[in-house]
Amino acid sequence: MRKLFYYFLLLPFFLSAQINESDTLQLKANLSLTGFYQGGNVETLIFRAKSDFSFRPLKKWVFKTQNSYVYQEFGKKKADEDILSLNFLYLNPERKIYPLLLGFVSTNFRREIDLRYLIGAGVTYQLLNKKNHWLKIAVSSEYEQTDFGKSDFNISEYDGSESIDTFRGTVWLNGSYLVFKKKVIVNHEFYFQPSLEQSNNFRWQADVSLEFPLWEFLNFKINYIHSFENIVIENQKQEDNFLTFGFTLKTY
């Protein structure tokens, strides 16, 4: 049983790829689990979980939620425990241009963010929407509030404030492509979020993956994530990078 537990932690599983809300299926869902454990002189435990779920509550509406959880422990000391929930409501996503509402909630132990939430609205433009490849750009505006565990920041003008709120604009660029005679699947999710009020309050993230089909429902996957946040607690790094290897189990 113990060996089975280690095997589960050491082998990443990804159920399906990113969900395209323009698909006509009534319900789509996927789940990803990744983990690593090392014992002995240095004990390390890393666990990541991510789920995507979309359904049509009404004929013209699509609700999509993406939720992730990260936990990391080094030498039995917690290094990470982060939660992120991204929620979207789309109207007529089969059209070339369609509106959206969004609401995000997150915490970040590493960056000492006790709670962050965003609410807003925007519009999506489908640059490409084919069976084997799609590309979308979206623009949205949100109100955001972030509650920090400390009040000393890398930018001194924010010192003394444990809560920072602002209106943001966001540019999104998401896509998925089958290339090299369907032997490689390229997925990307990019966003840039500047504040509309504070020029030094901005962040971005790039999430890129390559998948190599092995069987009909199984792909080998390489995933790279780069994130940057300009305002952080003093002495923290602004950038984070993650490179992971695993598999994709597709259910649709």
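As shown above, the structure is provided for reference.
(A) Examining the packing of aromatic side chains more closely. Following the criterion strictly, the structure yields 16 aromatic pairs and no others. With a centroid separation of 6.2 Å and 80 degrees between ring planes, the pair formed by Phe 88 and Trp 172 is classed as edge-to-face. Highlighted residues: Phe 88 in strand E5 (residues 77–91) and Trp 172 in strand E9 (residues 163–179), separated in sequence by 84 residues. Assigned by exposure class, Phe 88 and Trp 172 land together as buried. Relative to Trp 204, the ring of Phe 202 has its centre 6.3 Å away and its plane inclined at 10 degrees; by these criteria the two rings are stacked. In this structure Trp 204 comes out as partly exposed when scored by relative accessible area, which is 32%. Taken together through their ring pairs, the aromatic side chains of Phe 88, Tyr 90, Tyr 98, Phe 104, Trp 172 and Tyr 191 make up a single cluster. Positioned above the aromatic ring of Phe 109 is the side chain of Lys 78, whose terminal nitrogen or guanidinium carbon lies 4.6 Å from the ring centre. Of note, Lys 136 hangs over the ring of Trp 134, and the distance from its end group to the ring centre comes to 5.3 Å.

(B) Seen up close, the pairing of strand E11 (residues 202–215). Taken together, the 10 bridges between strand E10 (residues 184–194) and E11 define a ladder with antiparallel strand orientation. Residue pairing for E11: Gln 193 is matched across the bridge by Arg 203. Two strands pair when backbone bridges link them, and E11 and strand E12 (residues 218–229) are joined in this way by 12 bridges, in the antiparallel orientation. Of the residues in E12, the one forming a bridge with Trp 204 is Phe 228. A loop of two residues connects E11 with E12, the two strands running antiparallel in sequence.

(C) Region of interest: the environment of Leu 178. Take Leu 178: it is sitting in strand E9. Between the C-alpha atoms of Leu 178 and Phe 212, which are 34 residues apart in sequence, the distance is 10.0 Å.

(D) Focus on the environment of Phe 245. Position of Phe 245 among the secondary structure elements: in strand E13 (residues 239–249). According to the relative accessible area criterion, Phe 245 is partly exposed, its value standing at 44%.

(E) Representation of the pairing of strand E7 (residues 113–129). For strand E6 (residues 97–108) and E7, the ladder comprises 11 bridges, and the chain directions are antiparallel. Bridge assignment links Pro 99 to a residue of E7, and that residue is Val 123. Pairing of E7 with strand E8 (residues 133–148) involves 15 bridges; the strand directions are antiparallel. From the neighbouring strand, Thr 124 faces E8, where its bridge partner is Ala 138. Connecting E7 to the antiparallel partner E8 that follows it, the hairpin turn spans three residues.

(F) A look at the pattern of salt bridges. This model, assessed by the stated rule, comprises 12 salt bridges. Here Arg 110 makes a salt bridge to Asp 80, at a shortest N to O gap of 2.8 Å. On the criterion of sequence distance, the pair formed by Arg 110 in the loop between E6 and E7 and Asp 80 in strand E5 is long-range, its members being 30 residues apart. Residues Glu 229 and Arg 203 are paired through a salt bridge, measuring 3.7 Å at the closest nitrogen-oxygen approach. Placement of Glu 229 in strand E12 and of Arg 203 in strand E11 is noted, with a sequence separation of 26 residues between them. Overlapping salt bridges, with partners in common, bring together Asp 80, Asp 82, Arg 110, Arg 111 and Asp 240 in one network.

The rules behind these values
Residues numbered from 1 in each chain as written. Predicted model: local features only at pLDDT ≥ 70, side-chain atom pairs only at ≥ 80, totals over all residues. Heavy atoms only, no water. Phe/Tyr/Trp six-rings, centres within 6.5 Å; stacked < 30°, edge-to-face > 60°. Helix = DSSP H or I, 4+ residues; strand = E, 2+ residues; numbered from the N terminus. Buried < 20%, exposed > 50% of the residue type's maximum accessible area, 1.4 Å probe, protein only. Lys NZ or Arg CZ within 6 Å of the ring centre and 35° of its normal. Pairing = 2+ DSSP bridges. Salt bridge = Lys/Arg side-chain N within 4 Å of Asp/Glu carboxyl O.

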